[in-house]
Amino acid sequence: MYRLIKRYLVTVIVIFCLCWLCIDLMWVQWKKESTSHDKPNQKFKNDYNDEDYIRHIKRRRKFPTTTEDNYKDENNINNEDNHANKIKFLNDGNSKEKKFEHVKEHPNLEVPGDIETDIKPEEPKIKVEDNMVSIDYFKQFYKYSLDPQPGSAGMNGAAVKNSMDEKAAEDLGFKRYSFNELSSSKISLERSVPDNREDACFNVKYPTDLPDASVIIIFHNEAWSTLMRTVHTVIARSPPQYLREVILVDDCSVTDDYTHLGKRLQEYVDSLPKVKLFRSPKRVGLTQARLIGADNAVGDVLIFLDSHCECTDGWIEPLLARLKENPKMSAVPDIEVIKWKTFEYVQSKGSRNRGVFSWDLIFHWSGLPMHEIKRRRTQADPIKSPTMAGGLFAIDRKFFFESGAYDRGLTFWGGENIEMSFRLWMCGDGIEILPCSRVGHVFRETVPYKVQGGSLTHNTIRVAEVWLDEFKEIYYMLHAGAAKPEMGGDVSERIALREKMQCKSFKWFLQNVYPEIHIPDRYPYGRGDVLNMGTNKCLDSLKHDNKGGEPGLFPCHHQGSNQFFIHTLKYEITQGDLCFDLAAGTDSSKVKLVTCHHLGGNQAFEHLKDMSGAGMIRSKKFQKCLEALKEQIVIRDCDNNNLNQKWKFQEHPYENVPPGRPRKWM
């Protein structure tokens, strides 16, 4: 009996196990069949990355399998690098239903005909990682409104030269605009230009959640082609989500003579997206016109441009990204050259310059000092610049007004860029030139309109009084009495602003931002006009104040400037950063103005003055003396009886130091 029961139980257990095994096998087979539609073929898996694979799985689960031919686009493109699909969607009026517009299919991917409303568009080919992308990501958003016109005049920045038959029209353009307007008029408003960015710029990552910008362009009697090319390239090469508006400010152009700036301009602006036009009823000048634009702007960032620029691919994104990172500074594009005679857009890689200033508060370009070269790790790194040219720059709108905007006491033109530069460094985080942001600018040698007389002196006096502290003595010294504090008007409001913002001293600026600047001796051997006793004329640079220029003689005007010289404690005769230089001691040799090297030698001259203050100026190296010969300065053997070799400096500060005052600035 026991054995029968045992045998029965074993049989039951064996049958149960066999049944369980069959059920398990059936389950596995069913599972395999139910998920077979979710598996892509091997080619798809090899061609796609993980994100593409996941999106494909989700689509196949969402939609029933169907034949590829029903939905494949006739212009299917097989991209060798990435076969990912690009699906665009259109809103159908007010309906939430999104319709399938265009598909570029992978050969092995099936796509449904009716897209459900909760499906999002494909992401762009350039991968977005943690909201950071390379600069090429943004090109998909650029929108050109004009035909490319390949091969037309000026394409790829080529020069445009006119025929001799067009010389009369060309000359008229030069007269009205101080550049070749005829050549400009032949060039597309959205022409292609060289991409001068360094390779390192394409490795920089930018956030996609950038602030938006108001681009402000002021103009007065501007040519149609250059003004509209500025506007068109701003719009075409700026992602629309970052371009809030373009504000044009007409600084009272003479529309009777420049008729294109009247009704025609208004009608054209009305046809453009995001462009606004403001007109000043009277001529107010650069600074006040820009304030009209800034006061009416609503963008997060203000970008100021001149009215004869061309924006390039990737110009705006680096500016916005830098100000998103640090809003208490100014970001300046690398300003590229458009030749005013031919409108050639110069091809030149490398950013080797920064903005500086001279002690008369005039802006200059200068090469990078060694410490700045070493600080930058790549050619894409920003360049710290003591000053900016002022025509093209970006600044956070909120910080712009909090830090004093433009000094509303400045008139017409001049000094506003130097004032803002000092303020940005002493009250904020300074100025950076961004080599990966590039904007072309027409550099012309003259301006075709009149500039209000005295505005530059008025403006720079205000800058000196507010920002230079004790170093304003140098500014007034260079103007030799032609500039006085009261000529700048009331600056109490700007001084109060500086105190409120707890700005740093100008001494700090010189020591930390621009330590390379040459600070004139506080009490040099000689200073001011240099009178020749034989001709009764003054030493004058004759506007040859370029490197290698030859100084001469001119009737004394006692206004400083090109007749202001310093005899330094190193025995140099200087004007600005240029020194008298004598290369040889022969009679045919000429003194030239050359960059000071501060090593003596051929730049060392002693003044052998008598009790009256007059005396010979002798080269310490060649033992020859300067002699006046009509309007020229020649080199001759020294003759103490020759009045044409006798020179007298206006003052001798070294011998007249006030009691208790230090002889050096710092």
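Residues numbered from 1 in each chain as written. Predicted model: local features only at pLDDT ≥ 70, side-chain atom pairs only at ≥ 80, totals over all residues. Heavy atoms only, no water.

Our working rule: UniProt positions are given in the numbering used here, feature names are shortened, and annotations may be inferred rather than shown by experiment.
Named according to an unreviewed UniProt entry, the protein chain is Polypeptide N-acetylgalactosaminyltransferase originating from Clytia hemisphaerica. The annotation that UniProt attaches to the protein chain under Pathway (unreviewed entry) is "Protein modification; protein glycosylation."

## Concerning the packing of aromatic side chains
Keep this limit in mind: Only Phe, Tyr and Trp rings take part, Trp by its six-membered ring, and two of them pair if their centres are within 6.5 Å. Stacked means planes under 30 degrees apart, edge-to-face means over 60, and tilted covers everything else. Only runs of H or I of at least four residues qualify as helices and only runs of E of at least two qualify as strands under DSSP, and these elements are numbered from the N terminus. Residue burial is assigned from relative accessible area. The probe radius is 1.4 Å, only protein chains are included, and a residue is buried under 20% of its type maximum, exposed over 50%, and partly exposed in between. Lysine NZ or arginine CZ positioned within 6 Å of the ring centre and within 35 degrees of the ring normal marks a charge as sitting over the ring.
Summed over the entire model, instances satisfying the criterion amount to 31 aromatic pairs. Measuring from ring centre to ring centre gives 5.7 Å for F174 and W340, while their planes differ by 80°; the resulting arrangement is edge-to-face. One end of the pair, F174, is in helix 4 (residues 167-177); the other, W340, is in the loop between strand 10 (330-339) and strand 11 (353-357), with 166 residues separating them in the sequence. When its relative accessible area of 22% is taken as the criterion, F174 is described as partly exposed. Between the aromatic rings of F422 and F506, the centroid separation amounts to 5.1 Å while the plane-to-plane angle is 75°, which identifies the pairing as edge-to-face. Within this pair, whereas F422 is found in helix 12 (residues 416-427), its partner F506 is found in helix 16 (residues 506-512), the two being separated by 84 residues in sequence. By the burial criterion, F422 is buried, and F506 matches it. Here R176 stacks its cationic end above the ring of Y258, 4.2 Å away from the centre of that ring. Over the aromatic face of W224 sits the side chain of R264, whose NZ or CZ is 3.9 Å from the ring centroid.

## Topic: the pattern of salt bridges
Convention followed: By convention in these notes, a salt bridge is any Lys or Arg side-chain nitrogen within 4 Å of a carboxyl oxygen on Asp or Glu.
One pass over the structure, following the stated rule, counts 36 salt bridges. Among the ionic pairs, K167 bridges to D171, the shortest N-O distance being 2.9 Å. Linking K167 with D171, this pair stays in helix 4, spanning four residues, or about one helical turn. When its relative accessible area of 41% is taken as the criterion, K167 is described as partly exposed. A relative accessible area of 34% places D171 in the partly exposed class. Three or more residues are tied together by salt bridges with common partners; here these are R322, E325, K384 and E432.

## Regarding a nonpolar patch on the surface
How we decide: Patch membership needs two things, relative accessible area over 30% and no salt bridge, and members are linked within 9 Å if like-charged or within 5 Å if nonpolar (Val, Leu, Ile, Met, Phe, Trp, Tyr). With residues, only the protein chains shown are counted as cover, and all accessible areas are computed by Shrake-Rupley using a 1.4 Å probe.
Among the surface-exposed residues, V337, W365 and F443 lie close enough to one another that they form a single nonpolar patch of about 260 Å² accessible area. On the secondary structure map, F443 appears in strand 15 (residues 431-443).

## A short note on the pairing of strand 25 (residues 625-629)
On any regular strand, side chains alternate: one points to one face of the sheet, the next to the other face. Just so we agree on the cut-off: In short, DSSP must find at least two bridges between two strands for them to pair.
Across the five residues of strand 25, four count as buried, placing the element largely inside the fold. By the bridge criterion, five bridges tie strand 25 to strand 26 (residues 632-636) in an arrangement that is antiparallel. Counted as the bridge partner of E627 is V634 from strand 26.

## Notes on the packing of helix 13 (residues 455-467) against helix 15 (residues 492-500)
Applicable threshold: Under this scheme, a helix contributes an axis fitted over its contacting stretch, all axes are lines through C-alpha atoms, and angles between N-to-C directions fall in the 0 to 180 degree range. To sort the angles, those under 35 degrees are grouped as roughly parallel, those over 145 as roughly antiparallel, those from 65 to 115 as roughly perpendicular, and the leftovers as oblique. The sense of a crossing depends on the near helix, which, turned anticlockwise from the far helix by less than a right angle, makes the crossing left-handed and, turned clockwise, makes it right-handed. Residue contacts are counted whenever heavy atoms from the two residues lie within 4.5 Å of one another. Gly counts as polar in this scheme, as do all residues outside two lists: the nonpolar Ala, Val, Leu, Ile, Met, Phe, Trp, Tyr, Cys and Pro, and the charged Asp, Glu, Lys and Arg.
The geometry of helix 13 relative to helix 15 is characterised by a closest axis approach of 9 Å and an angle of 40° between their N-to-C directions. One element, helix 13, and the other, helix 15, form an angle in the oblique class. Classified by chirality, the crossing of helix 15 by helix 13 is right-handed. Within the contact between the two elements, helix 13 uses R462, E465, V466 and W467 and helix 15 uses R494, I495 and R498. Here the contact of helix 13 with helix 15 is composed, by residue class, of three nonpolar, no polar and four charged.

## Looking at the side chain of H308
Our working definition: Any N or O atom pair separated by 3.5 Å or less is treated as a polar contact, with the protein-specific requirement of one donor-capable and one acceptor-capable atom, and with residues adjacent in sequence counted only for side-chain atom pairs.
When you line up the elements, H308 lands in the loop between strand 8 (301-305) and strand 9 (309-311). Of note is the side chain of H308, whose polar atom sits 3.0 Å from the side chain of E222. Setting aside anything within four residues of it in sequence, one finds H308 in contact with E222, T226, T230, G440, H441, V442 and R444.

## As for the state of the cysteines
Spelled out, the test is: The disulfide criterion used throughout: a pair of cysteine sulfur atoms within 2.5 Å.
All told, the structure shown has five disulfides when counted by the stated rule. Between the sulfur atoms of C201 and its disulfide partner C436 the distance amounts to 2.1 Å. Between C201 and C436, the S-S torsion sits near -90°, and that sign places the bridge as left-handed. You can see C201 sitting in the loop between helix 5 (181-185) and strand 4 (205-207) and its partner C436 sitting in strand 15, a full 235 residues away along the chain. The exposure classification of C201 matches that of C436, with both residues buried. Across the disulfide from C579 sits C596; the S-S distance is 2.1 Å. Where C579 bonds to C596 through sulfur, the torsion about that S-S bond is close to 100°, and the disulfide is right-handed.

## Quick word on the pairing of strand 15
With respect to burial, strand 15 is a largely interior element, twelve of its 13 residues being buried. Of the strand pairs in this sheet, strand 10 and strand 15 are connected by ten bridges, and their pairing is parallel. Bridging from a neighbouring strand, I338 pairs with V442 of strand 15. Summarising the sheet, strand 13 (residues 383-384) and strand 15 pair through two bridges and their orientation is antiparallel. The partner of K384 across the bridge, within strand 15, is E432.

## Structural notes on helix 6 (residues 224-236)
For an α-helix, the turn length of 3.6 residues means that residues three or four places apart are oriented alike. Short version of the rule: To estimate how far a helix should reach, multiply one less than its number of residues by 1.5 Å.
When the terminal C-alpha atoms of helix 6 are compared, their 18 Å separation across 13 residues agrees well with the 18 Å that a helix rising 1.5 Å per residue should span. By the criterion of burial, helix 6 is predominantly enclosed, with twelve of the 13 residues buried.

## Focus on the environment of S192
Position of S192 relative to the elements: it lies in the loop between helix 5 and strand 4. With 35 residues separating them along the chain, S192 and G157 place their C-alpha atoms 6.5 Å apart. Residues in contact with S192, not counting those within four places in the same chain, are G154, M155, N156, G157 and R237. At 2.8 Å, the side chain of S192 forms a polar contact with the backbone nitrogen of N156.

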